[in-house]
Amino acid sequence: MRRSDIISGLVLTLLGLATIFLIIPAGISVSEEYGLSPRVFPFTVMWLGTAVAVLLVVQRLREVGAAGDDEAPMAVKNWLFIVAMAAFLAVTYVAINVIGFKITGIGAVALLMAVMGEYRHPVRLALVSVLFPIAIYYTFDRLFIIQLP
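Residues numbered from 1 in each chain as written. Predicted model: local features only at pLDDT ≥ 70, side-chain atom pairs only at ≥ 80, totals over all residues. Heavy atoms only, no water.

Colleague: When you look at the packing of aromatic side chains in this model, what are you seeing that I'm missing?
Modeller: The tally for this structure, following the rule as stated, stands at four aromatic pairs. Their ring planes at 20° and their centres at 6.4 Å tell us that phenylalanine 101 and tyrosine 137 sit as a pair that is stacked. Of this pair, phenylalanine 101 sits in helix H4 (residues 101–115) while tyrosine 137 sits in helix H5 (residues 122–143), and the two are 36 residues apart along the sequence. Grouping residues by exposure puts phenylalanine 101 and tyrosine 137 together as buried. Aromatic side chains tyrosine 137 and tyrosine 138 sit 5.1 Å apart centroid to centroid with 90° between the ring planes, which places their arrangement in the edge-to-face category. A network of ring pairs unites the aromatic residues Phe101, Tyr137 and Tyr138 as a single cluster. Above the face of the tyrosine 119 ring, arginine 120 is positioned so that its terminal group lies 5.6 Å from the ring centre. (Phe/Tyr/Trp six-rings, centres within 6.5 Å; stacked < 30°, edge-to-face > 60°. Helix = DSSP H or I, 4+ residues; strand = E, 2+ residues; numbered from the N terminus. Buried < 20%, exposed > 50% of the residue type's maximum accessible area, 1.4 Å probe, protein only. Lys NZ or Arg CZ within 6 Å of the ring centre and 35° of its normal.)

Rendered as structure tokens:
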């Protein structure tokens, strides 16, 4: 596990830095018309995520390798989950750009809650999946003056 943590921490650090210095500046335009820059939240999240990845690498490098430090095998169901979540996130991203945040957010939250077993509580599922995306949308729109699609 130590070696895989170091490798994954390095990969996440490189992806974080690429996102901070290449992807966010290229994908999010800055305008003087709005209050807070639309880059503030993505930059904050990416800097925090990159810092955590660096801390993982530093912590694992400081540890002495254990004798039984074998690779943990990944089961097929783990790979299927990774592929399914990546596809879900890609579809959600495209849907936000095509349909809009409010409708896509409601559908995405409802689907995730249903997959996690909340279909047994339909009132809670409906309330959470409607209220949270709408609250997030209007918080960004009215409070932070950041337009979401």
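Here the narrative resumes.
Colleague: Looking at this model, I keep getting lost on the packing of helix H3 (residues 76–98) against H4. Mind explaining?
Modeller: Helix-helix packing is described using two parameters, namely the angle between the two axes and the distance between the axes. At a closest axis distance of 9 Å, the pairing of H3 and H4 adopts a crossing angle of 160°. With respect to H4, the axis of H3 lies roughly antiparallel. By crossing handedness, the relation of H3 to H4 is classed as right-handed. Of the residues in H4, those touching H3 at Met85, Phe88, Thr92, Ala95 and Ile96 are Phe101, Thr104, Ala108, Leu111 and Leu112. (Axes fitted to C-alpha atoms, helices over the stretch in contact; angles between N-to-C directions. Parallel < 35°, antiparallel > 145°, perpendicular 65-115°, else oblique. Left-handed = near helix turned anticlockwise from the far one by under 90°. Contact = heavy atoms within 4.5 Å.)

Colleague: Looking at this structure, how should I read the packing of helix H1 (residues 2–27) against helix H2 (residues 40–62)?
Modeller: Relative orientation of the contacting elements H1 and H2 amounts to 155°, with a least axis distance of 8 Å. Taken together, the axis directions place H1 and H2 in an arrangement best described as roughly antiparallel. In the packing of H1 onto H2, the handedness of the crossing is left-handed. Of the residues assigned to the contact of H1 with H2, the class counts are 17 nonpolar, six polar and three charged. (Nonpolar A, V, L, I, M, F, W, Y, C, P; charged D, E, K, R; others polar.)

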